[in-house]
Amino acid sequence: MLSFLSSLYSGVVFLAGEAAGQSSSGSAGDIWQSLRDDFINNFISEKRYMYLLKGLGITFQVTFFAALLGILLGIVVALIRSSYDKLKDEMRPGFAKGLLGFFNFIAKFYLTIIRGTPVVVQLMIAYFIIFAASNNKVLVAILAFGFNSGAYVAEIIRSGIMSIDNGQFEAGRSLGFGYIRTMIHIIIPQAFKNVLPALANEFIVLIKETSVSGYVGLQDLTKGGDIIRSRTYSAFMPLIAVALIYLVIVIFFSRMVTLLERRLRNSDR
Amino acid sequence: MTAEKGDVIISVKDLKKYYNGESIKALDGVTTDIRKGEVVVIIGPSGSGKSTFLRSLNLLERPTSGTITFDGVDITSKATDINKLRQRMGMVFQHFNLFPHLTIIKNMTLGPIKLRGMSKAEAERRSKVLLERVGLVDRADAYPSQLSGGQKQRIAIVRALAMNPDVMLFDEPTSALDPEMVGEVLEVMKDLAKSGMTMVCVTHEMGFAREVGTRVIFMDCGKIIEENTPEQIFTNPQNERLVSFLQKVL
């Protein structure tokens, strides 16, 4: 294992152009020595670890607010889409129906555009075209990733609403609840519970998707690691460090999702 | 509530419900009056329109044409607040449709608290009285999934009663039940009939129709074919379709 690691590592170092004077089959002591040197060079000197730390802060900030925006947007779009599907047959033609139809068209258009194009292209369009006048990269990233996530959240929530048996709806209506109050008191609580794990997964996906923020020069975690690489000309340490940090975060949240799923199942009995 | 016992509370005139233009006629001109205190039992073969008729009474199905007048108000009119009127018409479904995310007591108090503006304590007190009546007061804090089918349907009935309705509509309330649970639900419905509740009930339980019904309506092909007292319907059926239907089910 150690010899595999050592040959892998020295191979990487060699490719990175730093192998001058180093033997490719060095002893274990040499390996640890060069690993430590590399570590110090990449993270400690000139406080380079700050690139990762600050980048992580940006990644969290963008992910958190984009997720918030995505959920708000997703709920609104999901309600418009499912209300239109449910009500289009029973509504009488008129202004209200026309308005709902219009909003439904907008929502469908939004879903098609967002889900039909790569998020990194959307981010660049947001930064270089739509918000070209703004220099607030964090805000632009939050908006771009939020609008992107909203489309996926909308479909998750809509599938949750549609999965609720129509009898629940009729029971609510027959008690005298109107459409909206039936949604609020009866349908949405059940739908939300059903889709909570899927929503949490969307959050995990979002964390990883923000790694393309570097395309607009935003120094998130990935970009931070990349900057270190460009300074030290050593790819192994910074990129593996970045990967490990993402991995730890994702494992942590995945674990949370599993716990959440178990709790939800328990309350179903 | 203005209607006295014996007064017409629901008046249905020439009710039609078509699907796909006119190709499927679920209801094809139904006219009848339902009086306060009556227990009207609707029977008929499947696809005869009896469920559609019942569901039209509180507008869960919107009729293509015709009028339904409830306590003097035309509920098919655009100006009518159907949500208000539905509060006065309890409905019990074949598949219970209890709210699985709420406990029994919350299933029952949701409507009275949110729609009638009742206090939580008052709504719970009244619900407990109703639960006592159907022998399920000890299950107040259980979730629907912990109940048997018969218990679920008894809860569905008292959930509708908690709104203190003038009329109760039953849409095949025992059809989804295991045979040994049918009795307990019919028992609750009998008690309800005895208490003077106006009931409209679609059912395949001919024993119930005979024993509890004050009037039986036989429907086929979206029309009322025959309506009479249970006595007359079961011992002296006139229409040949009713005769052959009764031969099959009795």
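Fair warning: this is a prediction, and the values are worked out from it, not measured in the lab.

Within the secondary structure, Asn42 of chain A is located in helix 2 (residues 28–44). Not counting chain neighbours up to four residues away, the residues in contact with Asn42 of chain A comprise Arg48, Ile228, Thr232, Ser234, Met237 and Pro238 of chain A.

A word on the sheet that holds strand 10 (residues 223–228) of chain B. Residue and element names in this part refer to chain B. The mixed open sheet is built from six strands, whose spatial order is 6-7-8-3-9-10. Each having just a single partner strand, strand 6 (89–92) and strand 10 make up the two edges of the open sheet. Put simply, the sheet's adjacent strands are angled 20° from each other on average, direction ignored. Here strand 3 (residues 39–43) runs beside strand 8 (residues 198–202); their pairing, made up of four bridges, is parallel. Following the sheet pairing, Val40 is matched in strand 8 by Val200. Contacts between helix 5 (residues 149–161) and the sheet are confined to strand 6 and strand 7 (167–171), with strand 6 contributing the most and set at about 170° to the helix.

Moving on, we get to helix 5 of chain B. Its 13 residues give helix 5 of chain B an end-to-end C-alpha distance of 18 Å, which sits within 8% of 18 Å, the value for a rise of 1.5 Å per residue. With 12 of 13 residues buried, helix 5 of chain B is to be regarded as a mostly interior element. Among all positions of helix 5 of chain B, only Gly149, Gly150, Gln151, Gln153, Arg154, Ile155, Ala156, Ile157, Val158, Arg159, Ala160 and Leu161 of chain B are buried. The inward-facing, buried residues of helix 5 of chain B contact helix 7 (166–175) of chain A together with strand 6, helix 3 (104–114), helix 4 (120–133), strand 7 and helix 6 (179–194) of chain B.

To describe a pair of aromatic rings, you give the distance between the ring centres and the angle between the ring planes. Residues and elements named next belong to chain A. One pass over the structure, following the stated rule, counts 10 aromatic pairs over all chains. Ring geometry for Phe203 and Phe253: centres 5.2 Å apart, planes at 75°, overall edge-to-face. Here Phe203, found in helix 8 (residues 179–209), pairs with Phe253, found in helix 10 (residues 236–268); they are 50 residues apart in sequence, far enough to count as distant. Judged by relative accessible area, which is 23%, Phe203 ranks as partly exposed. Note on Phe253: relative accessible area 22%, which makes it partly exposed. Ring geometry for Phe252 against Phe253: centres 5.2 Å apart, planes inclined by 75°, an arrangement best described as edge-to-face.

It is worth spelling out the interface of chain A and chain B at this point. The accessible area lost on association of the parts is a frequent measure of interface size. Contacts between chain A and chain B engage 21 residues on the former and 27 residues on the latter. Of the roughly 2100 Å² buried between chain A and chain B on both sides combined, carbon and sulfur atoms contribute 55%. Of all residues in chain A, the largest losses of buried area upon contact with chain B belong to Arg92, Ser174 and Leu175 of chain A, amounting jointly to 29% of the total for that side. If you look at where chain A meets chain B, you find one salt bridge. The salt bridge involving Glu170 of chain A is made with Arg55 of chain B; its shortest N-O contact spans 2.6 Å.

Per the counting criterion, the structure on display carries two cavities of 30 Å³ or more. A volume near 70 Å³ is recorded for the largest cavity. What lines the largest cavity is simply Ala171, Ser174 and Leu175 of chain A together with Arg86, Gln87, Met89, Gly90, Met91, Ala156, Arg159, Ala160 and Met163 of chain B. Looking at the lining of the largest cavity, the elements with two or more residues in it are helix 7 of chain A together with strand 6 and helix 5 of chain B. Looking at the lining of the largest cavity residue by residue, the classes come out as seven nonpolar, three polar and two charged. What lines the second largest cavity is Arg133, Val134, Val158, Leu161, Val188, Asp191 and Leu192 of chain B. Elements represented by at least two residues in the lining of the second largest cavity include exactly helix 5 and helix 6 of chain B. The greatest single-element share of the lining of the second largest cavity, amounting to three residues, is contributed by helix 6 of chain B. Classifying every residue of the lining of the second largest cavity by side-chain character gives five nonpolar, no polar and two charged.

Cut-offs and rules
- Residues numbered from 1 in each chain as written.
- Chains lettered and ligands numbered in written order.
- Predicted model: local features only at pLDDT ≥ 70, side-chain atom pairs only at ≥ 80, totals over all residues.
- Heavy atoms only, no water.
- Helix = DSSP H or I, 4+ residues; strand = E, 2+ residues; numbered from the N terminus.
- Contact = heavy atoms within 4.5 Å.
- Pairing = 2+ DSSP bridges.
- Axes fitted to C-alpha atoms, helices over the stretch in contact; angles between N-to-C directions.
- Expected span 1.5 Å × (residues − 1).
- Buried < 20%, exposed > 50% of the residue type's maximum accessible area, 1.4 Å probe, protein only.
- Phe/Tyr/Trp six-rings, centres within 6.5 Å; stacked < 30°, edge-to-face > 60°.
- Buried area = accessible area lost by both parts, 1.4 Å probe.
- Salt bridge = Lys/Arg side-chain N within 4 Å of Asp/Glu carboxyl O.
- 1 Å grid on protein atoms, 1.4 Å probe; cavity = no way out; pocket = protein on both sides within 12 Å on 5 of 7 lines; lining within 4 Å.
- Points joined across faces, edges and corners; volume = space filled by probe spheres on them.
- Nonpolar A, V, L, I, M, F, W, Y, C, P; charged D, E, K, R; others polar.

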